[in-house]
Amino acid sequence: MNNILNRIVSFAIYGLMFTALSSCEKHDFFDENAITGNVGPQAYWEVGSSTVSAGSNMSFVIQYYSTKADIDHSEVWYNVTETQEKVVSCPWVTSFTYSYNSITSEEKRIAQKIQEYPHALALWSDSLHAYTFTGEFPVSGTLKPFAWAKPEVFDSTKMDTYFGTGYMQHFKDSLYTLMKYADFKNMLLGMSLLDNFSQYTDSTFDINSNSYVYHFPKDGNGNTPVPENIRNLYNAIPFDQLIESPSGYNVEFKRTYFLETRMRVYDTNGIYGTTVSKKIDIN
């Protein structure tokens, strides 16, 4: 009786295993969806430098070969990324450093073919066991860097263009919320908007520092709000005066570009292989 039961259990187990294997064979995800694709030419290259001037050419040296179809031609491809750097600071504050810093990058042009190079059997090198040639590709003159930095003359139109409409007021409002008594005093006296700050001054003895701390007069709740006249004087200050310094206006806008370049080597079947990407800054 036990032998019969054991045989029944064994058949059941084998049946389940066969069903599972059959299921895997019919519905294996990788087996049904993986595509190996065709093998293109193998390629390696070096560019002449990590930087290039706008409107000039970048040199390169490439080596390539194919173990499948014959080589047809090669191409240089690259995209263009724009980087913007923005800096604004106010030199009048003393209790803290107030500076706006922003660096953003955006792809302005997706990768596209820049130049094509014909293939020739004469490019073969016995020592390298590969085809090789030296070439160059153009870089547009429109990608020249631009900078508006520490101008001696302030231009509100350029400020709106480079930083956005409304930025100047936003900077001014944000600065105000952070300013302390000492900052207002330094700014308003330094700009000759007040001759005497004593009428807006009160003090409290600090036992920790064993000295007096100067601040605006306290209200009925013990707070030290900015006096209305001080607030009105600040609101009347033009934005450009807030960022003015002896060396010019403390504003900088810089726009630069860089390329991410590759070579594609095509065979006669239209299959291509690519080199590693090279990042090139434009100056």
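In the block above lies the structure referred to throughout.
On a predicted model such as this, the values are computed, not experimentally measured, just so you know.

## Here we look at the pattern of salt bridges
Following the criterion strictly, the structure yields 5 salt bridges and no others. Of the charged contacts in the structure, one is a salt bridge between K113 and E75, with a shortest N-O distance of 3.7 Å. Placement of the pair is K113 in strand β5 (residues 98-118) and E75 in strand β4 (residues 71-90), with a sequence separation of 38 residues. According to the relative accessible area criterion, E75 is buried, its value standing at 5%. In this structure, E106 engages K108 in a salt bridge whose closest nitrogen and oxygen atoms are separated by 3.6 Å. The exposure class of K108 is partly exposed, given its relative accessible area of 45%. One connected set of salt bridges, linked through shared partners, spans E75, K113 and E116.

## So, the environment of N223
Mapped onto the secondary structure, N223 falls in the loop between β10 (211-215) and α6 (228-235). Residue N223 is classed as partly exposed on the basis of its relative accessible area of 45%. Filtering out sequence-adjacent residues up to four positions away, N223 remains in contact with P217 and K218.

## Concerning helix α4 (residues 167-178)
Between the first and last C-alpha of α4 there are 17 Å, a value that for 12 residues agrees with the 16 Å anticipated at 1.5 Å per step. Among all positions of α4, only Y167, M168, F171, K172, S174 and L175 are buried. All buried residues of α4 project into a common sector of 165° when viewed along the axis, lining one side. In this fold, the buried residues of α4 make contact with β4, β5, α3 (156-163), α5 (181-190), α6 and α7 (239-242).

## Details of the nonpolar core
Membership of the largest hydrophobic core comes to 33 residues, with the highest contact counts inside it found for V88, M159, F171, L175, M187 and F197. Ignoring any residue separated from it by four or fewer positions in sequence, one finds M159 in contact with V88, W148, F154, G164, Y167, M168, F239 and V251. Counting residues in each nonpolar core, the second largest holds 23 residues, with W45, F60, V139 and L143 among its members.

The rules we used
- Residues numbered from 1 in each chain as written.
- Predicted model: local features only at pLDDT ≥ 70, side-chain atom pairs only at ≥ 80, totals over all residues.
- Heavy atoms only, no water.
- Salt bridge = Lys/Arg side-chain N within 4 Å of Asp/Glu carboxyl O.
- Helix = DSSP H or I, 4+ residues; strand = E, 2+ residues; numbered from the N terminus.
- Buried < 20%, exposed > 50% of the residue type's maximum accessible area, 1.4 Å probe, protein only.
- Contact = heavy atoms within 4.5 Å.
- Expected span 1.5 Å × (residues − 1).
- Arc of directions from axis to C-beta.
- Core = buried A, V, L, I, M, F, W, Y, C linked by side-chain atoms within 4.5 Å.

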